[in-house]
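Each chain, letter by letter, is given below.
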Amino acid sequence: MASKDAPAAYRILTADTAAVASLLQHVHLTVDGMREGESLQHYTARRREVLQRDVAAVMELTKSLDAFDVLQHLRRREFPPSAGPARESTSDGSMAALEIAALILRSRGVRSPQTSPDNAEPAPDLLERLHRHCHSILRMGTLSSLVRAASEEHGPLTRLAAGYYGHELNVRCKQYPQIEQEVHQRLFAAEPVSAMMHEALGFTYEDFTAVRAAIGEHEQERLSTALDTLQEVTQDWQARGRTQQPAEVIARGQRAAYDLLQHPGRLMSFTSADITARSELPERVVEAVLALFSVPFDGTDATTHARTAEEVVEAYLHGENPLRQGALLLDKDGNHITVGVPIGTDSLRPALEEALRASPARIWEKYDRHRAHVSEQLSVQHLRTLLGGADARTGVTYFRPRQGVGVDALGPEATDITELAQLAEADALAVVEDVAICLEVKAGSISAPARAGRVRRLARDLEKTVSDAAAQADRLRQLITVNGGLWLQDRTWLDLSGVREVRCITVLLDDLGPVGTALNELKRAGVLRTEQLPWVVSLHDLATTAQVLTRPAEFLLYLRRRIDSEVAVLFDAVDELDLLMLFCSGELYAEADPDAVAAVHPESPPPSAGDRRRYRRQRVPTRVYTQTDPLDAWMLADRDDTKVPKPRFTAESAVERIVDLLQEDRHPGWFRFGADLLHLSSATQIQLGKSLKELAARTRADRRPHTLVHSYAGAWGHPTLFVGTRPKGASLRAAARTLEEYVLAKRHQVASDRSLVLLIEESATIVASWYLNAVPQPDDVLDQLEGTMGLHPPQRASRVIPPSARRATRQLRGKKGRKR
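Computed from a predicted model, the values in this text were never measured in an experiment.

Okay, the environment of E554 next. In this fold, E554 is placed in helix α25 (residues 552-563). Along the backbone, E554 and L386 are 168 residues apart, and their C-alpha atoms lie at a distance of 8.8 Å. Polar side-chain contacts of E554 include one of 2.8 Å to the side chain of R551.

Attention now moves to the sheet that holds strand β16 (residues 766-772). Strand pairing within a sheet occurs via backbone hydrogen bonds; the two strands may be parallel or antiparallel. Spatially, the 4 strands line up as an open sheet ordered β13-β14-β15-β16, and their pairing is mixed. The outermost strands of the open sheet, each flanked by one partner alone, are β13 (707-711) and β16. Mean inter-strand twist for the sheet, computed between neighbouring axes without regard to direction, equals 15 degrees. Judged from the 7 bridges that link them, strand β14 (residues 719-725) and strand β15 (residues 754-760) form a sheet pairing that is parallel. The partner of P719 across the bridge, within β15, is R754. Sheet contacts for helix α33 (residues 682-702): β13, β14 and β15; angle to β14, the most-contacted strand, approximately 30 degrees.

What follows concerns the confidence of the model for the chain. Confidence in the prediction for the chain averages 87 pLDDT; 88% of positions are at 70 or higher. Note that pLDDT drops below 50 for residues 9-30; the model gives that stretch 56 contacts with residues more than four away or on any other chain. pLDDT under 50 marks residues 796-809. Its contacts with residues more than four places away, or in other chains, come to 41 contacts.

Here the focus is unusual backbone geometry. Of note, the bond from E191 into P192 is cis; its omega dihedral lies within 30 degrees of zero at 5 degrees. With respect to the secondary-structure elements, P192 resides in the loop between α9 (177-188) and α10 (193-201). You will see that C173, though not glycine, has its phi angle at about 55 degrees, which is positive. Relative to the elements of secondary structure, C173 occurs in the loop between α8 (156-170) and α9.

You can see A448 is positioned in helix α20 (residues 448-451). Sequence separation of A448 and G319 is 129 residues, and the distance between their C-alpha atoms is 7.6 Å.

Turning our eyes to something else, we now look at the environment of L323. Among the secondary structure elements, L323 is positioned in the loop between α16 (309-317) and β2 (328-330). Residues L323 and V339 lie 16 residues apart in sequence; the distance between their C-alpha atoms is 8.4 Å. Excluding its chain neighbours within four sequence positions, the residues that come into contact with L323 are E99, A102, L103, V295, L329 and V339.

A few words now on the packing of helix α14 (residues 272-279) against helix α15 (residues 283-292). Running from N to C, α14 and α15 cross one another at 125 degrees; their axes reach a closest spacing of 9 Å. The angle between the axes of α14 and α15 places the two elements in the oblique class. Considering only the axes of α14 and α15, their crossing is right-handed. Residues S272, I275, T276 and S279 of α14 touch α15, and the partners they reach there are E283, V286, E287 and L290.

Now for the sheet that holds β2. Taken together, the 3 strands give an open sheet; going across it, the order is β1-β2-β3, and neighbouring strands pair in mixed fashion. Each end of this open sheet is capped by a strand with a single partner; those strands are β1 (294-296) and β3 (336-338). Each strand axis lies, on average, 30 degrees off the axis of its neighbour in the sheet, ignoring direction. In this sheet, β3 lies alongside β2 in antiparallel orientation, the contact comprising 3 bridges. Looking across to β3, one finds that L328 is bridged to T338. Sheet strands touched by helix α5 (residues 67-78): β2 and β3. Its angle to β3, the strand with the most contacts, is close to 20 degrees.

Before going further, it helps to spend a moment on the packing of aromatic side chains. For the structure on display, the rule yields 12 aromatic pairs. Taking 5.8 Å as the distance between ring centres and 50 degrees as the angle between the ring planes, the aromatic pair formed by F208 and F293 counts as tilted. Linking F208 in helix α11 (residues 205-240) with F293 in the loop between α15 and β1, this pair joins segments that are 85 residues apart in sequence. The same class applies to F208 as to F293, namely buried. Look at W364 and Y367: their rings are 5.4 Å apart centre to centre, the planes differ by 45 degrees, and that puts the pair in the tilted class. Taken together, the positions of W364 and Y367, both in helix α18 (residues 361-386) and 3 residues apart, correspond to about one turn of that helix. Residues W364 and Y367 agree in their burial class; the two are buried. Over the ring of W670 we find R666; its NZ or CZ atom is 4.2 Å from the centre of that ring.

What follows concerns the nonpolar core. With 134 residues, the main nonpolar core has I505 and L677 as its most contacted residues. Sort the elements by how many residues they give to this core and α18 lands first, with 8 residues. Discounting residues that sit within four places of it in the chain, I505 has contacts with L383, I437, C438, L439, E440, W535, V537, F555 and L559. One finds V50, M95, A102 and L143 within the second-largest nonpolar core, a separate group that totals 48 residues.

Counted at 1.5 Å a residue, the expected span for α25 with its 12 residues is 16 Å, and the 17 Å between its end C-alpha atoms agrees. Among the 12 residues in α25, 12 count as buried, and that is most of the element.

This part is about the pattern of salt bridges. It is possible for side chains of opposite charge to pair when their charged atoms get near one another. Applying the stated rule across the entire model yields 47 salt bridges. One salt bridge in this structure joins R35 and E49, with 3.2 Å as the shortest N-O distance. With R35 in the loop between α2 (24-30) and α3 (40-45) and E49 in helix α4 (residues 47-61), this pair connects stretches of sequence that are 14 residues apart. Residue classification places R35 among the partly exposed positions, given a relative accessible area of 47%. Using a relative accessible area of 40% as the deciding quantity, one classes E49 as partly exposed. R77 is paired through a salt bridge with E128; the nearest N and O atoms lie 3.0 Å apart. Highlighted residues: R77 in helix α5 and E128 in helix α7 (residues 126-149), separated in sequence by 51 residues. Residue R77 is classed as buried on the basis of its relative accessible area, which comes to 16%. Taken together, the salt bridges that share partners define one network made up of E168, K174, R324, R349, E353, D368, R371, R451 and D510.

Looking now at the packing of helix α24 (residues 539-548) against helix α27 (residues 576-584). When two helices pack together, their arrangement is given by the angle between the helix axes and by the axis-to-axis distance. Two elements in contact, α24 and α27, have axes separated by 10 Å at closest approach and are oriented at 20 degrees. Viewed along their axes, α24 and α27 adopt a mutual orientation that is roughly parallel. In this structure, α24 meets α27 at a crossing whose hand is right-handed. Every residue of α27 that contacts α24 at H540, D541, T544, T545 and V548 is listed here: E576, L577, L580, M581 and C584. Taken together, the residues of the contact of α24 with α27 sort by class into 5 nonpolar, 3 polar and 2 charged.

Conventions used here
One numbering rule holds for all chains: residues counted from 1, following each sequence as written. Owing to the predicted nature of the model, reporting of local features is limited to residues with pLDDT of at least 70; listing and counting of side-chain atom pairs is limited to 80 or more, with chain, interface and lining totals taken over all residues. Derived side-chain values reflect all non-hydrogen atoms in the structure, with water molecules and hydrogen atoms excluded from consideration. Every helix listed is a DSSP run of H or I at least four residues long, and every strand listed is a run of E at least two residues long, numbered separately from the N terminus. Whenever two N or O atoms come within 3.5 Å, that pair is a polar contact, provided that in protein one can donate a hydrogen and the other can accept it, and provided that, for residues adjacent in sequence, both atoms are side-chain atoms. Strand pairing follows a simple DSSP-based rule, namely that at least 2 bridges must link the two strands. Think of each axis as a best-fit line through the C-alpha atoms, taken over the contacting stretch in the case of a helix, with angles from 0 to 180 degrees between the N-to-C directions. Contact criterion: two residues are considered in contact whenever any of their non-hydrogen atoms come within 4.5 Å of each other. Think of pLDDT as the predictor's per-residue confidence, scored from 0 to 100. An angle counts as roughly parallel when it lies under 35 degrees, as roughly antiparallel when it exceeds 145, as roughly perpendicular when it falls between 65 and 115, and as oblique in every other case. Crossings are sorted by hand: turned counterclockwise from the far helix by less than a right angle, the near helix makes the crossing left-handed, and turned clockwise it makes it right-handed. Any two of the Phe, Tyr and Trp rings considered here, Trp counted by its six-membered ring, make a pair once their centres fall within 6.5 Å; the pair's planes then place it as stacked at under 30 degrees, edge-to-face at over 60, or tilted in between. Here's how the labels work: a residue is buried when its accessible area is under 20% of the maximum for its type, exposed when over 50%, partly exposed in between, all with a 1.4 Å probe on protein chains only. For a lysine, the NZ atom is tested; for an arginine, the CZ atom; a charge sits over a ring if that atom is within 6 Å of the ring centre and within 35 degrees of the ring normal. By convention a nonpolar core is built from buried Ala, Val, Leu, Ile, Met, Phe, Trp, Tyr and Cys residues, the set being connected through side-chain atoms within 4.5 Å. What a helix is expected to span follows from its residue count: subtract one and scale by 1.5 Å. Just to be clear on terms, a salt bridge is a Lys or Arg side-chain nitrogen sitting within 4 Å of an Asp or Glu carboxyl oxygen. Side-chain classes follow a simple rule in which Ala, Val, Leu, Ile, Met, Phe, Trp, Tyr, Cys and Pro form the nonpolar group, Asp, Glu, Lys and Arg form the charged group, and the remainder, Gly included, forms the polar group.

Right, dumping it as structure tokens:
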């Protein structure tokens, strides 16, 4: 099972919420209930008719069958056992479909009809028909929301709410287990929350994990025992013949086959006594855990008979899902059965927080502070990993301008700081060479009404989380960018004048799904009101990114492409991790407007007609479908299993050698210019490697120094790469001095804001490097040197467009078996 359970059909239907009409070209692939020539709007107008048809069909198909048996059969159909995780890009299984089937069966009031014979057999095509009807119900909920979104009654937020609703309706298992467990361990296992949890729920986090493990072990043991018995009897039968087998052996095999093939509900169910014996916990503790995650089945709940099956389904589609928390069904005899996911998946924290909110205010406030602290700690931990272990200041208390006071009033020469400014706190500030990362973390939860697609409630929740965090991070960015530093609480000046690039990250404890990836829509809706977009990411996805990206320069490049390019406008994805995997494959790229680049860098070569044509051709929306199959396989594999490769960002060997060499000893420019080099197209990277070898060969041939320069003016500045050679026997200092004079004149000529200089020997080995990042300024001396040296006007050295950016399709689907 993939970590983020979202059926492929849902990915297709929700990949383009900004233009619902364009869905029609995909709908015929999945919506077999549409009439010929029927529009999407007319189809969803028949919502009640379609839902009644599907619900009635499910009831009729299962009327003589035990509900637990049906659900176990359907569970195997939706997620068949396999040697590895299901491929999300090709799987049509859905946990949500299982939930719909369970709720419809529950509405009939009894687990097994009394008129049903014990040997009642399901129809041969029962599971496919149930699958089709339950998915039809889900599809109607998703499509109805998208059609409503087309009206934009509440502006762009209507579409964001529709996308979020579809995500919540269809997606389960939103986190990889090991990451979810790490967060829960930090949140719930430590005091004082452990005591709060015990008081509010009747068990601790350790108790919960023990019960969940015991349920899994019980189910696996029952299944394995039945399979082993059946295999043993079958093999013995084949070896000795039926007439030679004892009757008790045949009976044992028949019971095993009966349990596996006809009554798996009976096989896989368990009681609290079963789990108590296995977990060795007190019975009251086990019962407290099971009660929290169980939904009564056989009329033991007053609401069971209060609604018809159609009303239950409508309530489900409006966000009322008792199985969101209750992963277990409980019959009147005390038998439990797991519907889909293990208990607590996506629901342990919401369940605890609901209980704590009902506690005295001081209890909730104490937990809220702890939740915020843990979220910040983990976010900073993962950020440090992404930055190669670089330090990050946490809890930075600094002065920000009061209302009506300009940012520039708080420069290093400012006086009367307290009159001009007031104190503010940043969660974290990391400075790596000439790059600063401003981090803000929000641990607040997104409310149930917002998850159900309520536009006004979503707006309010986003304002308290995304908007506030983005504004706080951007406030810090402006102070650094404008003033080159900060006034700290103790009235000392933090000098950041060497910073040349500032990026902002907003981390949320909750997963926002397609809302978090829609940065351009968030800006259009007024949720993001900052000039520079932040990277809006969940703590889970930040942790995953930290495990995938191996070079800090890769992370900086991902931030640039993700938030500071036309990727935010052109790429439409349901999940952040799809974009991360697209980045690793080299396909997360949007070419910058060549005329805009030329306007910012007038000293660079003017754009050609071909540049403009390429830019116009790529300015079309790109729908991103599931890209995470390799990531799922690696994240869910045993860490010792070397057969499952880790997804990674790859570059050409020549550039990787330069980036790794710079990073290994932290040579100046390793971080920012490393990202510049990784941004180059594969063709340019290959050509750079050839150029280095050719340059060294020329020096071997004539024993003279030679140089080359590559200019890469673009949306993120104007980096230039200089390479010079040192002939054998020549002084390293003299060769460096000669090269430095040329570099100073040339980078002044092209107005480069940063330059990496490499000095190589005749073997093409790098023997020295230095980095220049002074802001270009008028300089009469350098003007004269430029004229004396007779430098040629700059020529276009290369394009930085990855070959994949010239793809013919704009619908990016996962590639089966592709290694990244």
